[in-house]
Amino acid sequence: MRLKISLLKEPKHQELVSCVGWTTAEELYSCSDDHQIVKWNLLTGETSQIVKLPDDIYPIDLHWFPKSLGIKKQTQAEIFVLTSSDGKFHLISKLGRVEKSVDAHSGAVLAGRWNYEGTALVTVGEDGQIKIWSKTGMLRSTLAHQGTPVYSVAWGPDSEKVLYTAGKQLIIKPLQPNAKILQWKAHDGIILKVDWNSVNDLILSAGEDCKYKVWDSYGRPLYSSQPHEHPITSVAWAPDGELFAVGSFHTLRLCDKTGWSYALEKPNTGSIFNIAWSIDGTQIAGACGNGHVVFAHVVEQRWEWKNFQVTLTKRRTMQVRNVLNDAVDLLEFRDRVIKASLNYAHLVVSTSLQCYVFSTKNWNTPLIFDLKEGTVSLILQAERHFLLVDGGGIYLYSYEGRFLSSPKFPGMRTDILNAQTVSLSNDTIAIKDKADEKIIFLFEASTGKPMGDGKFLSHKNEVLEIALDQKGLTNDRKIAFIDKNRDLYITSVKRFGKEEQIIKLGTMVHTLAWSDTCNILCGLQDTRFTVWYYPNTVYVDRDILPKTLYERDASEFSKNPHIVSFVGNQVTIRRADGSLVHISISPYPAILHEYEQTMWACLAAMAVTNQDMTTAEIAYAAIGEIDKVQYINSIKNLPSKESKMAHILMFSGNIQEAEIVLLQAGLVYQAIQININLYNWERALELAVKYKTHVDTVLAYRQKFLETFGKQETNKRYLQYAEGLQIDWEKIKAKIEMEITKERERSSGSQPTKSTGLKH
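Nothing here was measured: the structure is a model prediction, and the numbers come from that model. (Residues numbered from 1 in each chain as written. Predicted model: local features only at pLDDT ≥ 70, side-chain atom pairs only at ≥ 80, totals over all residues. Heavy atoms only, no water.)

## Here's the deal with the overall build of the protein
For clarity, the cut-off: Runs of H or I in DSSP of at least four residues are treated as helices and runs of E of at least two as strands, each being numbered from the N terminus. Throughout, the radius of gyration refers to the C-alpha atoms, and the reference size of a globule is 2.2 Å times the residue count to the power 0.38. Only protein chains enter the area calculation, which uses a 1.4 Å probe; residues under 20% of their type maximum are buried, those over 50% are exposed, and those in between are partly exposed. All accessibility values rest on the Shrake-Rupley procedure with a 1.4 Å probe; residue burial counts only the protein chains present in the view. For the charge count, each Lys or Arg is scored as positive and each Asp or Glu as negative, with His and the chain ends excluded. For this purpose, a charge sits on NZ of Lys, CZ of Arg, CG of Asp or CD of Glu.
The helix and strand inventory of the protein stands at 13 helices and 55 strands. Its C-alpha atoms give the protein a radius of gyration of 37 Å, more than 25% over the compact-globule value 27 Å for 760 residues. Overall, the protein is about 130 × 50 × 50 Å in size when its C-alpha atoms are taken along their principal axes. For the protein, buried positions account for 53% of its 760 residues. Summed over its atoms, the accessible surface of the protein is roughly 34,700 Å², and 50% of this surface lies on carbon and sulfur atoms. Charged side chains in the protein number 86 positive and 86 negative. The centres of these two groups are separated by 2 Å.

Right under this line is the structure:
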C-alpha cells in the first residue's frame, strides 16, 4: 500500500495553510493565513475563493458539521466551525456566509470539534480552557482549565468524554461532573495534535519530541515511533480506523492502525499542519506551511485468497493475478474504488456508486448493482452471501446480487462497526452493541429478524471482539468472543440467557479467527499460538479439551500480532512491524471435520464386513441411519451365531448366502422366515413344501399380507395348498416359539436370551 501524491506547481494560497476539511469525497475547503477560504473540486481540478476573512482573523482549525445521523435540516449539515486567532469561533455556511461569531477564549482558539451526533461543540484555547457549546454556539460548560495552552482536542467514540493536551500530558475527561479523569505523560515534548477514532477506540498523539504514538482508551501505550528529524505537526485517523496519516516537515506518512508504516512520502510542502481524510477513506488532504494543499490517494492495497492476489493499481483499476499460472486480469471500474473484500471464491468491490461482485472462475462478467450510499465502510463475506455496512445501515446480499435483509436494533450506529464488532455466517449475523458493550445482538441472516424470541446474548463483562463459526447446521452455530479481561468464551447462538452455557476456552487471548472450511478456532494467547481443533469439546468432555489443542511458541510474532485470515489449514498473522507470517496447521483434524460423515460411513461398512456389529451400530447412529441401527440391535439379540451370520449377510444384501447358512445349520424355519420378511413368497413356500414344515405358517403370513393390501390370492400354488386349510394363529405362534427355543438349546455355548424381536 502506498500514497499517490498530487501537488500543484503553484500554491493557491499566499501564506501557510492552517486547516482543511472535506465536504464530499470530491470537494475540499482550505483556510490560510492569507485570510482566504478556498473550495477545491477534485473532479474538475478547479478552485474558487469562498470568502475572504477580515485581516485581523487568522484561521487555525476547521471542522464540518457531521453529515450522517439523519439531520433533517440540510442547512445545518452544510456549516463548519472555524476557530481563529482573535479568540472567536465562527459558524460559516458552505456558501461562505458567517452565520455566527462567538467570543470563546482569551487568546487564540486552537481547536474546535463537533461531537459525532452534532449536538455539541468543544473548543480549546491558548488560555488553557476547554469549553462545551451547543450546536447553535451557546456556552454549556467550561469543562476544564489548564495552566498551559491546549493545542488539540478530540471526542471519545460515545461523545461522553473529551481528550485534550496539557503540555506533555494527555487527559481524558468525562462530561459528567465528578467522574474519574484519566491523565498520563505521553511525550517528552509538548503534544501538538491528538485524534481518537470512533471505530477502533484508539488514540493518536503527536509531539515536539518528533514522535507519534498509538494508545488505547485506558492510556496504555500500543506503539511509539522512532524519533523523526522534525516535530510531528499533524495526525489523523481514517474513518474506518484501519489506517492513519502522519504529517511533519516535508513528510507525509501512511500507517497501519497498529503503528507501523506502509508508506513514506517527502513532498515539498513545508510542515503539514493539518490532515483530513475524505469521507470514504480513500484520500488525504494536508494543509502545508508553504501555501500548498497536498492531496494523497491510497493505492496498491492488496487482497489475497488462496492462489489469487488482487491489487488496486489506480483509483479505478484492479489487477488480479493467479499465482498458479501467472495469469493476469485487469478490472476497470467506472468510479473510484472505496472498499473491497476477497473470500469464498468471490471478490466484492464497492465504488462510490455501485457494488461489483466477481467470481474467481470468471473475471470478465461481474454482477453490478447500485448502492444507496457511496460510503461503504465495511464488507464481510460468508460462503453464501456478503454484508455491506454504510452510514445508513447494514445490508445483506447474495452473490447473485439479490438483497436479502437489513438487520436493525435500537440505537444502532453503523459508523462505528468494524470486522471485530460484526460477524457473519451462512445463517447468522452478530453485532456488538455500542451502547451496552456487554450485549451481542443476533439476527437471522435470511430475514434480518432477531434470533429466536428476540433475546440477545449478554455477558458479564464488556465484549471486545466477536466471531461466528462458518460451517455446520444453524442449530449448532457457535459464537466465540473475547472480553475486556482478554478471556475467550464460546457459546451457542441458539442458547441464550443460560450463564453456564457461556464457557471459557482460554485466557489472555488477543486475536482470534475461525477457519473458513471447518469449525476450527485459532487465537494468539499471551506467548502462544493456540488452535482449538474441536471447540465443541467443552460441551462434551472438558477434561479432554487440552488433548484437542495445538500450541506453539508465539514469541517470534513480536508484540501485538494480529490474525489476518484462516483459510483451510493456513493461518496468516501480521506482526507488529507489518510483516506477514504464514503458519500451516495439521490438515488431519480439518479432514476429520470435513469428511466426518464419510469417515463414519466407511467405519460402518468396515465394521459390518468384519462382523463387529457393536462398532457398526455406533457408526450408523453417527450418520443418522436409525433403521439400520434398529436392525443391528435386533441381530445382536439373535439366539445363535448362525442366525447372526445369516442376518449380517442379509444386511449386506446377500440373501442366497444367508439362506444357505441357515439351511446348512438345520435352521429351516429361520430360512423360511427371512424369505417371508422379504416378501419372497415363492421361495418361502418352496422351502416349506420341500422340508415338509411350516406350510401353514407361510400361508398364514401370505393371507395377512393380502388382507393388509386388500388383494385376492391369484398365485396357483398358494391356492392349491390353501384349499381346505384352516389358519390357526395360536398353533402357528406356538410352533415358532418352539423353533426359537430349540435353536437356543442347540446353539453351542450361547446363553438363553429373550425373544428375538425379529419382524414377523
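After that view, the rundown keeps rolling.
## Brief notes about the nonpolar core
Side chains that are nonpolar tend, in soluble globular proteins, to be buried together. Short version of the rule: Buried Ala, Val, Leu, Ile, Met, Phe, Trp, Tyr and Cys residues that are joined via side-chain atoms within 4.5 Å together make up what is termed a nonpolar core. It only takes one pair of heavy atoms within 4.5 Å for two residues to be counted as in contact.
Counting residues in hydrophobic clusters, the biggest one holds 26 residues, and the most contacted among them are A658, L662, I672, I676, V698, Y718 and I736. Elements with a contribution of two residues or more to this core: α7 (641-651), α8 (655-664), α9 (668-677), α10 (681-690), α11 (695-708) and α13 (729-746). Tallying contributions element by element places α9 first for this core, with 6 residues. Ignoring any residue separated from it by four or fewer positions in sequence, one finds I736 in contact with Y669, H694, T697 and Y701.

## Re a nonpolar patch on the surface
So the rule is basically this: The patches described consist of residues with a relative accessible area above 30% and no salt bridge, like charges being joined within 9 Å and nonpolar side chains (Val, Leu, Ile, Met, Phe, Trp, Tyr) within 5 Å. One side-chain nitrogen of Lys or Arg within 4 Å of one carboxyl oxygen of Asp or Glu is enough to make a salt bridge.
A surface patch of nonpolar side chains, about 510 Å² in accessible area, is lined by Y588, I591, L592, Y595 and M599. Here Y595 is to be found in the loop between α3 (588-594) and α4 (596-609). Exposure remark for Y595: the relative accessible area of 38% places this residue in the partly exposed category.

## Points about the sheet that holds strand β53 (residues 562-567)
Put simply, the test is: We call two strands paired when DSSP finds no fewer than two bridges between them. Each axis is a line fitted through C-alpha atoms, and for a helix only the stretch in contact is used; angles between axes span 0 to 180 degrees, taken between their N-to-C directions.
Strands sit in the order β53-β54-β55 across an open sheet of 3 strands; the sheet is antiparallel. Both outer strands of the open sheet, β53 and β55 (580-584), are each paired with one neighbouring strand and no more. For this sheet the average axis-to-axis angle between neighbouring strands, irrespective of direction, equals 20°. Where β53 lies against strand β54 (residues 570-574), 5 bridges are found, and the strand directions are antiparallel. What sits directly across from H562, in β54, is R574.

## Focus: the side chain of H187
We apply this condition: Whenever two N or O atoms come within 3.5 Å, that pair is a polar contact, provided that in protein one can donate a hydrogen and the other can accept it, and provided that, for residues adjacent in sequence, both atoms are side-chain atoms.
Mapped onto the fold, H187 is located in the loop between β17 (182-185) and β18 (191-196). For H187, a relative accessible area of 1% gives the class buried. For H187, the side chain forms a polar contact with the side chain of S205, separated by 2.7 Å. Filtering out sequence-adjacent residues up to four positions away, H187 remains in contact with K168, S205, A206, G207, D209, K211, Y212 and K213.

## So, the pattern of salt bridges
The tally for this structure, following the rule as stated, stands at 33 salt bridges. The salt bridge partner of D280 is R336, with a shortest N-O separation of 2.2 Å. In this pair, D280 is assigned in the loop between β26 (272-277) and β27 (283-288) and R336 in the loop between β32 (327-332) and β33 (337-343), connecting sequence segments 56 residues apart. Assigned by exposure class, D280 and R336 land together as buried.

## Quick look at empty space enclosed by the protein
The following threshold applies: Note on definitions: the grid is 1 Å and covers protein atoms alone; a cavity is a set of points where a 1.4 Å probe fits but cannot get out; a pocket is an open set with protein on both sides within 12 Å along at least five of seven lines; lining residues have an atom within 4 Å of a point. Grid points are joined across faces, edges and corners, and a volume is the space filled by probe spheres set on the points. Three classes are used: nonpolar for Ala, Val, Leu, Ile, Met, Phe, Trp, Tyr, Cys and Pro, charged for Asp, Glu, Lys and Arg, and polar for all others, with Gly counted as polar.
Inspection of the entire model under this criterion finds 3 cavities of 30 Å³ or more. Counted as a void, the second largest cavity has a volume near 40 Å³. Along its surface, the second largest cavity is lined by F409, G411, M412, R413, I416, L417, I431, K432, D433 and K434. Split by residue class, the lining of the second largest cavity holds 5 nonpolar, 1 polar and 4 charged.

Honestly, it's all geometry; don't read function into it.
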